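Summary of the model geometry
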Amino acid sequence: MTKVGEHITLDIIGTTQEYSPLVYESVIHKIAKAAEVTVLQISKYKFEPQGFTILALLAESHISFHTFPEKGIISFDFFTCGKVSPSIALDIVKKEFKHKQIVVKKFNRDTKSLYHDIYSSPGLQKSYVVNEILEDFKSKVGQHIEILDLEQFGKSLFIDNEIQVATNDEALYSSTFVNAALKLNKDMGTAAIIGGGDGGVARECMTKGFDFIDWYELDPEVVDVCNKHLGTIGNKSTEKNSVKCIWGDAFESIKSVEDDKYDKIFVDLNDDQFCIDLAAKNMDSLIRILKPNGVITAQVGSQDKKPEQVEKWLDVFNKNFGNTTLDRVYIPSFDCSWNFSSSINH
């Protein structure tokens, strides 16, 4: 991280008078003295019929005021690369201007960035702190793929602006996924993985000792970029003799698979409505290739963030199998618990 400086904005709300330009100039000099910065030049402009703007060019950056008398608001902005924090301006502004409220926003100006969590709770915006952007492109199948080095969670895969996996806690996801199926039936002969481009489920299946794994993945560019940057997750699964990669539409590919082939099927697609409908539409094909007493397990999203979506997944499983269990694990990088639904093919 390279730090450039610090930035503060103050919106002074509930002002009842229009102050003289000399007042703003005086306040700027008081702030500059307290913050130990050097004023190089001041530029100001009085609007008609009301409003005023003043900008102080500093050796260390700038200070500005802009007034909105019709709204009773004065906006203040102070960015500095100096030694003293610009927050020192807050106490001075409080004393100099009559107000009802001051809205304070502070920013560290550095080479880190924030990536908003698209599933933040209403009224609570959460963001990931990004140290570095390693990849950012649109794949040939139309997915927006990003590899970001996150401050807290390490190198992570985002697809279409949603986090898929983070190196620091991926094992929680993949191990719970595979163990959910093994709890119902411990047979570890053959497995099919639908999706799961990061390779974590494939690695976990190999670790558990499955004889053979067919990995159906739509987007080979996801696999390639994860092998490049998140290699510890997939652990070179695509290069193992026990793993066969089948590229393209998984549900088209399984049409040519013989009956009763797999002991386990892991459905690692998105958990949205499109994928719920897709799984429901193709469930007959999945049942056909699953052995009697075999287990199908799917990641079905979060009961914390999207409970109705999880219920829809459970409805699909119960309708087709008459049974389902739900496993749950907290994933720190997702900021919620995640669920996996499993059913036995009776």
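Residue numbers run consecutively from 1 along every chain, following the written order of its sequence. Local features in this predicted model are restricted to residues whose pLDDT is 70 or higher, and side-chain atom pairs enter the listing and the counts only when it is 80 or higher, whereas totals over whole chains, interfaces and linings include all residues. Values reported for side chains reflect all heavy atoms of the structure, with hydrogen atoms and water molecules removed beforehand.

1. Some details on the overall build of the protein chain
What counts is decided by this rule: Strands are runs of DSSP state E lasting at least two residues, helices are runs of H or I lasting at least four, and both sets are numbered from the N terminus onward. We take the radius of gyration over the C-alpha atoms and set the globule estimate at 2.2 Å times the residue count to the 0.38 power. Using a 1.4 Å probe on the protein chains alone, a residue whose accessible area is under 20% of its type maximum counts as buried, one over 50% counts as exposed, and one in between counts as partly exposed. Here, two residues are considered to be in contact whenever any of their heavy atoms come within 4.5 Å of each other. Accessible surface is estimated by sampling points in the Shrake-Rupley manner with a 1.4 Å probe; for residues, cover comes only from the protein chains shown. Positive charges come from Lys and Arg, negative ones from Asp and Glu, while His and the chain ends are left out of the count. To locate a charge, the coordinates of NZ of Lys, CZ of Arg, CG of Asp or CD of Glu are taken.
Across its full length, the protein chain carries 10 helices and 18 strands. Taken against the 2.2 N^0.38 rule, which gives 20 Å for 346 residues, the C-alpha radius of gyration of the protein chain at 28 Å runs more than 25% over that of a compact globule. Seen along its three principal axes, the alpha-carbon backbone of the protein chain occupies a region of about 85 × 35 × 30 Å. Expressed as a percentage of the 346 residues in the protein chain, the buried residues total 49%. Partitioning the intrachain contacts of the protein chain with sequence separation of at least 6 by distance along the chain shows that 62% fall at a separation of at least 24. Approximately 16900 Å² of the protein chain is accessible, and the part contributed by carbon and sulfur atoms is 50%. Of the side-chain charges in the protein chain, 38 are positive and 50 negative, and the distance between the mean point of each set is 6 Å.

2. Some details on the layout of surface pockets
The test is simple: Only protein atoms enter the calculation, which uses a 1 Å grid: trapped sets of points that fit a 1.4 Å probe without letting it out are cavities, open sets showing protein on both sides within 12 Å along at least five of seven lines are pockets, and any residue with an atom within 4 Å of a point is a lining residue. Grid points are joined across faces, edges and corners, and a volume is the space filled by probe spheres set on the points. Any residue that is not Ala, Val, Leu, Ile, Met, Phe, Trp, Tyr, Cys, Pro, Asp, Glu, Lys or Arg is counted as polar, Gly included; the first ten are nonpolar and the last four charged.
The calculated volume of the largest pocket comes to roughly 830 Å³. What lines the largest pocket is a set of 45 residues, among which Gln-143, Gln-164, Asp-268, Leu-269 and Asn-270 lie closest to the centre. Elements represented by at least two residues in the lining of the largest pocket include exactly β7 (113–116), β10 (154–159), β11 (162–166), β12 (190–195), β13 (212–217), α7 (250–253), α8 (273–281) and β18 (336–344). When the residues that make up the lining of the largest pocket are grouped by side-chain class, the tally is 23 nonpolar, 10 polar and 12 charged. Of the volumes computed, that of the second largest pocket is approximately 170 Å³. What lines the second largest pocket is simply Asp-117, Lys-126, Ser-127, Tyr-128, Val-129, Leu-150, Glu-151, Gln-152, Phe-153, Pro-332, Ser-333 and Asp-335. If one sorts the elements of the lining of the second largest pocket by residue count, strand β8 (residues 127–138) sits on top with three residues. Taken together, the residues that form the lining of the second largest pocket break down as five nonpolar, three polar and four charged.

3. Describing the pattern of salt bridges
Put simply, the rule reads: Any carboxyl oxygen of Asp or Glu that lies within 4 Å of a side-chain nitrogen of Lys or Arg is treated as forming a salt bridge with it.
Tallying each qualifying case throughout the model produces 15 salt bridges. Residue Glu-18 is joined to Lys-46 by a salt bridge in which the shortest nitrogen-to-oxygen separation is 3.4 Å. Of this pair, Glu-18 sits in the loop between β1 (3–13) and α1 (21–35) while Lys-46 is found in strand β2 (residues 39–46), placing the two residues 28 residues apart along the sequence. Its relative accessible area of 38% is what places Glu-18 among the partly exposed residues. Lys-46 sits in the partly exposed class, given a relative accessible area of 36%. With a closest N to O distance of 2.9 Å, Arg-203 and Glu-204 form a salt bridge. A relative accessible area of 11% means that Arg-203 is categorised as buried. Salt bridges sharing common partners tie together Glu-170, Arg-203 and Glu-204.

4. With respect to the packing of α1 against helix α2 (residues 89–96)
To keep things clear, this is the line we draw: Fitting a line to C-alpha atoms yields each axis, with helices limited to the stretch in contact; the angle taken between N-to-C directions then spans 0 to 180 degrees. Roughly parallel means an angle under 35 degrees; roughly antiparallel means over 145; roughly perpendicular covers 65 to 115; every other angle is labelled oblique. Each crossing gets its handedness from the near helix: less than a right angle anticlockwise from the far helix is left-handed, clockwise is right-handed.
With their axes 9 Å apart at the nearest point, α1 and α2 run at an angle of 150° to one another. By the angle class used here, α1 and α2 are roughly antiparallel. Crossing of α1 against α2: the hand is right-handed. Between α1 and α2, the residues in contact are Val-27, Lys-30, Ile-31 and Ala-34 and Ala-89, Ile-92, Val-93 and Glu-96, respectively. Grouping the constituent residues of the contact of α1 with α2 by class yields six nonpolar, no polar and two charged.

In short, the description is geometric, and any link to function would need to be established separately.
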